[in-house]
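Single-letter residue listing:
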Amino acid sequence: TPTDEQVEQSKQLLLEPFSEFPVAHAAGFAHILALILTPIMRELIAGPTPIFAVDASRPRTGKGLLVKLVNTILTGRLPSGSSFPKDDDEIRKQILAKLRSAHPLVLIDNVNRVVDSGALAAAITMETWRDRVLGESRELEVPNRAAWVMTGNNMTFSQENTGRVVWIRLIPNVENP
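Residues numbered from 1 in each chain as written. Predicted model: local features only at pLDDT ≥ 70, side-chain atom pairs only at ≥ 80, totals over all residues. Heavy atoms only, no water.

### A short note on the packing of helix 2 (residues 26–41) against helix 3 (residues 63–75)
- Close contact between helix 2 and helix 3 brings their axes to 10 Å; oriented N to C, the two are set at 35 degrees. The handedness of the crossing between helix 2 and helix 3 comes out as right-handed. On the side of helix 2, the interface is formed by I32, L35, I36, P39 and I40, while helix 3 contributes L66, V70, I73 and L74. (Axes fitted to C-alpha atoms, helices over the stretch in contact; angles between N-to-C directions. Helix = DSSP H or I, 4+ residues; strand = E, 2+ residues; numbered from the N terminus. Left-handed = near helix turned anticlockwise from the far one by under 90°. Contact = heavy atoms within 4.5 Å.)

Structure (structure tokens):
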């Protein structure tokens with residue numbers, strides 16, 4: 001049983017690499033900590049986990065770097081990301097492919113439109129995902145054990161998706177980040 005002081009020291013150790021990121025509010029650091037711990041503690045969490053939105057007021061603020069740092073801490077490697085497809089059929093295919101690969105962190109990078117997807121909302125709230133395998137007539141069911149991360153500038157989410165988001169907002173304090 002760790003003491004309060006040991007818990008605080010551990011928290012500071014985990015957050016130290018992120019100390020120079022221009023996080024907009026103190027809760028953002030708690031959300032970064034949650035992003036780091038979610039994949040580690042995922043097997044202890046019954047049910048779904050939210051999407052982490054790493055959002056910035058303008059480009060080159062450090063969104064991708066923050067996610068790279070988190071993934072490197074978790075896996076020792078850089079993350080692989082993908083773009084946000086334009087329609088729900090493509091989003092469904094991407095969800096199955098990402099969950100099938102069993103990476104602890106699913107990154108959807110550089111989101112540049114409103115996140116309005118029933119398929120994504122469903123995936124985030126389900127413990128397993130079932131869909132048809134591309135090019136086959138059979139279905140595959142895979143567990144949803146990943147931490148989901150989206151990055152973008154001034155991101156917006158539909159009402160259906162907003163309640164499934166934990167925000168990490170970056171606002172640069174320099175003219176050209």
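### Quick notes on a nonpolar patch on the surface
- A grouping of L37, I40, M41 and L44 is seen on the molecular surface, where their side chains present a nonpolar patch of about 390 Å² in accessible area.
- Relative to the helices and strands, M41 is located in helix 2.
- Among the residues examined, M41 registers a relative accessible area of 37% and is labelled partly exposed. (Patch = residues over 30% accessible without salt bridge, like charges linked within 9 Å, V, L, I, M, F, W, Y side chains within 5 Å. Areas by Shrake-Rupley, 256 points an atom, 1.4 Å probe, with all protein chains shown as cover. Salt bridge = Lys/Arg side-chain N within 4 Å of Asp/Glu carboxyl O. Buried < 20%, exposed > 50% of the residue type's maximum accessible area, 1.4 Å probe, protein only.)

### Some points on the nonpolar core
- Core analysis: the largest hydrophobic core is formed by 25 residues, its most contacted members being F84, I95, L120, W129, W148 and M150.
- When residues of this core are traced back to their parent elements, those giving at least two are strand 1 (51–56), helix 4 (88–101), strand 3 (105–111), helix 5 (118–125), strand 5 (139–143) and strand 6 (147–153).
- Ignoring sequence-local partners within four residues, the contact set of I95 consists of A119, L120, A123, W129 and W148.
- Within the second largest apolar cluster, 21 residues are counted, among which are V23, I32, V67 and A147. (Core = buried A, V, L, I, M, F, W, Y, C linked by side-chain atoms within 4.5 Å.)

### Let's talk about the packing of helix 1 (residues 4–15) against helix 2
- Where helix 1 meets helix 2, the axes come as close as 10 Å, and the angle between the chain directions of the two elements is 85 degrees. As the angle between them shows, helix 1 and helix 2 are arranged roughly perpendicular. Mapping the contact onto sequence places K11, L14 and L15 in helix 1 and F29, I32, L33, I36 and L37 in helix 2.
- Residue classes in the contact of helix 1 with helix 2 are distributed as seven nonpolar, no polar and one charged. (Parallel < 35°, antiparallel > 145°, perpendicular 65-115°, else oblique. Nonpolar A, V, L, I, M, F, W, Y, C, P; charged D, E, K, R; others polar.)

### A look at the pattern of salt bridges
- The final tally for this structure, using the stated rule, is nine salt bridges.
- Between R92 and D89 there is a salt bridge, and its shortest N-O distance comes to 2.7 Å. Remark: D89 and R92 occur in helix 4; sequence separation between them is three residues, near one turn of the helix.

### Section: helix 5
- Buried residues of helix 5: A119, L120, A121, A123 and I124, and no others.
- Of the surrounding elements, those touching the buried residues of helix 5 are strand 1, helix 4, strand 4 (128–132), strand 6 and helix 6 (159–162).
- At the N-terminal boundary of helix 5, the capping side chain belongs to S117, with an oxygen 3.3 Å from the backbone nitrogen of A119. (Polar contact = N/O pair within 3.5 Å; in protein donor to acceptor, adjacent residues only side chain to side chain.)

### Here we look at unusual backbone geometry
- We note that N110 has phi near 55 degrees; this positive angle belongs to a residue other than glycine.
- Here N110 lies in strand 3.
- The phi torsion at N154 lies on the positive side, around 50 degrees, for a residue other than glycine.
- Inspection of the secondary structure puts N154 in the loop between strand 6 and helix 6.
- Taking relative accessible area as the criterion, N154 reaches 43% and is therefore assigned partly exposed.

### Observations regarding a negative patch on the surface
- Together, D87, D88, D116 and E160 line one region of the surface with negative charge.
- Following the sequence through the fold, D88 ends up in helix 4. (Lys, Arg positive; Asp, Glu negative; His and termini not counted. Charge placed at Lys NZ, Arg CZ, Asp CG, Glu CD.)

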